[in-house]
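Chain residues, written in single-letter form:
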Amino acid sequence: MTDKRYIVKRFAGYKIDILAILSFIILIVLIYWQVNDFEFISLDDYLYVVNNDHVHKGLSVESISWAFSLSKQGEGTNWHPLTWISHMMDYQFFGLNPGMHHLMNVFFHIVNTILLFTAMRVMTGSLWRSAFVAALFAVHPVNVDSVAWIAERKNLLSTAFWFLTMIAYFFYVRKPDITKYVLVIVPFCLGSLAKPMLMTLPFVLLLLDYWPLSRIELPKPGVGMKHWRTFCHDVTRLVIEKVPLFIISSIFIYATVLSLEYSKTIAATQITPIDLKIKNAIVSYIIYMQKMVYPIDLTVFYPFPDMVPMWQVMGSLTFIVIITTVVMINARRYPYLIVGWLWFLGSLLPVIGIIQAGLWPAIAERWAYIPYIGLFIICVWGCADVMQNMRYQKIIIPITVLGIVSVLAVMAWRQVGYWKNDITLFSHSLAVDPDNYVAHVNLGNVYARNRAEGEAIFHYQEALRIHRNDVLALSNLGRLYNEIGEKGKSIWFYSEILHYDPSNIDAHYELGSMYAQIGRFDEAASHFSSVVRFDPSDARAYYNLGIIYTEKGDLNMSEKYFAFSAKLAPEDPEAHYSYGLVLMKKGKVRDAINQFDLALKLNPDLSEAKRYRELAHTHQDKLTQNIRQLEKKKAVSPNDPVTLHRLAILYSSNNENEKALDVLFALSKVNPEQPDVCYNIACIYAKQDRVNESVQWLMRAVEKGFSDWNLLKNDSDLENIRNTSYYINLVKDH
């Protein structure tokens, strides 16, 4: 009978667990099912999914290699390969159906709620308290950001592995061995691959060692040093136990920072002063606490403040110190207080804003997804202790819990509705804060995409009224005015960007393009030159410089820039075609044919390249014919200076440089005092990158009276000796 009663009791307990889990699922589905009809949000969803070519390749060797690569320059994304793989799988199965991408987020939130309930249940042994913590996690409106925002898949995925690590750690603690420890490390690593938020998890595991796992005991007040030594020994042992996790965490932190440096998204210290970051961080803790208790006026982005009043900082700091003191005093009697409080403070620390990357908000609800669990633990266990001796507690507690969960669920359902599309989301942001410049910019983007230029301009100008040096608003106004044909206004807004950010490549590029379109080639060349100065790998800028110098008639400079363009963008048929045209104009027919061949290989339908290649072949045939005729004349009159000069030029044009040198040497014997002969020899040696010989013959040319300094300064044949001291001094003196 005893065994049967035990089995029945255990089965009844499991039934309640299952009922609790089913309740979580029903609650979450009721709140979030509406996302099935929602759209992608322009804020990050386009970057992560809609316009991401790597994600659109699905699961392939190439896309997975990209996901794990640290260097994603110019792509503005962090290093979280597992998250990318998750988005790739979604795209492979669902394409660009936003509803399915949203529902996958809902699925992960359900999984996280179940895992949190399981972790709390096995660690504390308390069914109803664990269920209430999980219910708060499931329905709290602050968590809507993480679920309704497709780009926040990283938050959901990393949290799932956070909870799996906790569960694995519980089973390791029950009977420690190396196999179970490996099972702790595996989900920890996977979670770090989804988002580096798990960097604080080893510290949380240390807190769990104190409560509820009871692996260490805080000595009673007034006990001897022996108890404190034992306590310190136990703490040291548990810290050493976590060393592998700390090392792994450090590796992932380093990889993340390296990725941010590659993508150039770490905000410079001088942009946001460190004292302002610290002040905002202190005040933010109180704001997060307030939003947990009173979750209204929630929004997708809270602009970082220009200043934080000192009274707010001191008041917030005092409040934090008081709470910390209270929980430390009661750490033995109510251990969940210090565990929950330090969980909240510590897990929020990495995103509190001391180190910033990209467009950083003052606070963000999505960052509270894990930290709030600490506060939920305090509230649930604290309320249970307060109400345990209350009369009618079996009635009051369930009604209170049901009331709180119901109110939060309704508020969450309403908050989810704001995420339907860009208009509803950012309009709500402006309803919360009319001076939210980020919301104005994003609404402007929506109206610009829908060709509602008037509304777009209004919102961009409102953004500038609030934040006058917002580069995105200035850039978008510049682009919009350019599209509607008001180039003067467009130029003004792009120029304004350079007042705040002189190295802004996009502004320089757009200004260069517009100045070129209106025929102001000097200004255009100046801006494109700035682009290549700040980014020497920008093939577009080199190409446009080639076009500009062609229009100005400077074929030497044009050849130089088209050569760079074709080298940096070998897959661009237009670069090869344009380079070929300049080479052909300069008489370098064989090189021109090679460029036309490359252009047609990349784009066989490039009709102009076909036509010019035919002309080049005709010209080449004529060149070859002229060379043969001159060779015959040379055979008859080997010392005729006119024949030798023309033949050398034709050999050089045909890239037969050694033959050209032989003829020029012969000509130098016929006319030993002729400076042009020495100059041409110097040019051919320079083309062959034989710098010393080139400089020596150039010196001879000058000694013999060469004085065409304009030719010397602009002759592309001398490109390889321009950095020599002799050439530099020669140009400087003339």
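Treat the numbers as computed from the prediction; the structure is a model and nothing was measured.

A.B. asks: Run through the overall build of the protein chain, naming residues and quoting values.
C.D. replies: Secondary structure assignment for the protein chain yields 36 helices and zero strands. On C-alpha atoms alone, the protein chain measures out to a radius of gyration of 36 Å, which is more than a quarter above the 27 Å that the 2.2 N^0.38 rule sets for 734 residues. Taking all 734 residues of the protein chain together, 50% fall into the buried category. A sequence separation of at least 24 residues applies to 66% of the contacts in the protein chain between residues at least 6 apart. Split by element, the accessible area of the protein chain, about 35,200 Å² in all, is 61% carbon and sulfur. Side chains of the protein chain carry 68 positive and 67 negative charges; the gap between the two charge centres is 10 Å.

A.B. asks: Got a sec to walk through the nonpolar core? Specific residues and values, please.
C.D. replies: Within the largest apolar cluster, 177 residues are counted, with the highest numbers of intra-cluster contacts made by Met-166, Trp-341, Trp-343 and Phe-344. Sort the elements by how many residues they give to this core and helix H9 (residues 153-174) lands first, with 13 residues. Contacts of Met-166, omitting those with residues within four sequence positions, involve Ala-119, Met-123, Leu-201, Leu-205, Leu-208 and Trp-343. Among the nonpolar cores identified, the runner-up in size contains 33 residues, and Leu-630, Tyr-685, Trp-697 and Phe-706 belong to it.

A.B. asks: I'd like a rundown of the packing of helix H33 (residues 675-687) against helix H34 (residues 691-703), residues and numbers included.
C.D. replies: One can describe the packing of H33 onto H34 by two numbers: an axis separation of 8 Å at closest approach and a directional angle of 165°. As the angle between them shows, H33 and H34 are arranged roughly antiparallel. Considering the relative orientation of H33 and H34, their crossing is left-handed. Only Glu-693, Ser-694, Trp-697, Leu-698, Arg-700 and Ala-701 of H34 make contact with H33, whose side of the interface consists of Pro-675, Cys-678, Tyr-679, Ile-681, Ala-682, Tyr-685 and Ala-686. Classifying every residue of the contact of H33 with H34 by side-chain character gives ten nonpolar, one polar and two charged.

A.B. asks: So what about the side chain of Asp-470? Which residues, and what values?
C.D. replies: Take Asp-470: it is sitting in the loop between helix H21 (453-466) and helix H22 (471-483). Apart from residues no more than four positions distant in its own chain, Asp-470 is found in contact with Tyr-437, Val-441 and Leu-464.

A.B. asks: An account of the pattern of salt bridges is needed here, citing residue identities and associated values.
C.D. replies: Between side chains of opposite charge, a pair can form when the charged atoms approach closely. Counted under the stated rule, the structure contains 34 salt bridges. Residue Arg-366 pairs with Glu-152 through a salt bridge whose shortest N-O separation is 3.6 Å. Of the two residues, Arg-366 is situated in the loop between helix H16 (335-348) and helix H17 (371-387) and Glu-152 in the loop between helix H8 (144-148) and H9; the sequence distance between them amounts to 214 residues. The class for Arg-366 is buried, based on a relative accessible area of 9%. Arg-332 is the salt-bridge partner of Glu-217, the closest N and O atoms lying 3.8 Å from each other. With a gap of 115 residues between them, Glu-217 in the loop between helix H11 (201-210) and helix H12 (225-241) and Arg-332 in the loop between helix H15 (310-329) and H16 connect regions that are remote in the sequence.

A.B. asks: Can you tell me about the packing of helix H25 (residues 521-534) against helix H26 (residues 539-551), naming the residues and giving the values?
C.D. replies: Closest axis-to-axis distance for the H25/H26 pair is 9 Å, and the angle between their directions is 155°. Between H25 and H26, the angle is such that the two are roughly antiparallel. Remark: the crossing between H25 and H26 carries left-handed chirality. Mapping the contact onto sequence places Phe-521, Ala-524, Ala-525, Phe-528, Ser-529, Val-531 and Val-532 in H25 and Ala-541, Tyr-542, Asn-544, Leu-545, Ile-548, Tyr-549 and Glu-551 in H26.

A.B. asks: With reference to specific residues and values, describe the packing of aromatic side chains.
C.D. replies: In total, this model carries 35 aromatic pairs according to the counting rule given. Geometrically, the ring pair formed by Tyr-285 and Phe-344 is edge-to-face, given 5.8 Å between the ring centres and 75° between the ring planes. Taken as a pair, Tyr-285 in helix H14 (residues 274-293) and Phe-344 in helix H16 lie far apart in primary sequence, 59 residues in all. You'll find Tyr-285 and Phe-344 in the same group, each marked buried. Where Tyr-549 meets Tyr-561, the ring centres are 5.7 Å apart and the plane angle is 20°; that geometry is what we call stacked. Of the two residues, Tyr-549 sits in helix H26 while Tyr-561 sits in helix H27 (residues 555-568), which places them twelve residues apart along the sequence. An aromatic cluster is defined as three or more aromatic residues linked by ring pairs; in this entry it consists of Trp-211, Tyr-334, Tyr-336 and Trp-381. Sitting above the plane of the Tyr-46 ring, Arg-449 keeps its charged end 5.5 Å from the centroid. Between the NZ or CZ atom of Arg-540 and the centre of the ring of Tyr-509, over which it lies, the distance is 3.8 Å.

A.B. asks: So what about H25? Which residues, and what values?
C.D. replies: Taking 1.5 Å as the rise per residue, H25 with 14 residues should run 20 Å; its terminal C-alpha atoms sit 20 Å apart, in good agreement. What H25 keeps buried is the set Ala-524, Ala-525, His-527, Phe-528, Ser-530, Val-531 and Val-532. Close packing links the buried residues of H25 with helix H23 (487-500), helix H24 (505-517) and H26.

A.B. asks: Lay out the confidence of the model for the protein chain with the relevant residues and their values.
C.D. replies: Should pLDDT be low for a region, the predicted coordinates there are not to be read in detail. Of the residues in the protein chain, 96% reach a pLDDT of 70 or more, and the chain-wide mean stands at 91. Averaged pLDDT values over the elements of the protein chain bottom out at 79 in helix H1 (residues 2-32) and peak at 98 in helix H6 (residues 98-124).

Analysis parameters
Residues numbered from 1 in each chain as written. Predicted model: local features only at pLDDT ≥ 70, side-chain atom pairs only at ≥ 80, totals over all residues. Heavy atoms only, no water. Helix = DSSP H or I, 4+ residues; strand = E, 2+ residues; numbered from the N terminus. Rg over C-alpha atoms; globule rule 2.2 N^0.38 Å. Buried < 20%, exposed > 50% of the residue type's maximum accessible area, 1.4 Å probe, protein only. Contact = heavy atoms within 4.5 Å. Areas by Shrake-Rupley, 256 points an atom, 1.4 Å probe, with all protein chains shown as cover. Lys, Arg positive; Asp, Glu negative; His and termini not counted. Charge placed at Lys NZ, Arg CZ, Asp CG, Glu CD. Core = buried A, V, L, I, M, F, W, Y, C linked by side-chain atoms within 4.5 Å. Axes fitted to C-alpha atoms, helices over the stretch in contact; angles between N-to-C directions. Parallel < 35°, antiparallel > 145°, perpendicular 65-115°, else oblique. Left-handed = near helix turned anticlockwise from the far one by under 90°. Nonpolar A, V, L, I, M, F, W, Y, C, P; charged D, E, K, R; others polar. Salt bridge = Lys/Arg side-chain N within 4 Å of Asp/Glu carboxyl O. Phe/Tyr/Trp six-rings, centres within 6.5 Å; stacked < 30°, edge-to-face > 60°. Lys NZ or Arg CZ within 6 Å of the ring centre and 35° of its normal. Expected span 1.5 Å × (residues − 1). pLDDT = per-residue confidence, 0-100.

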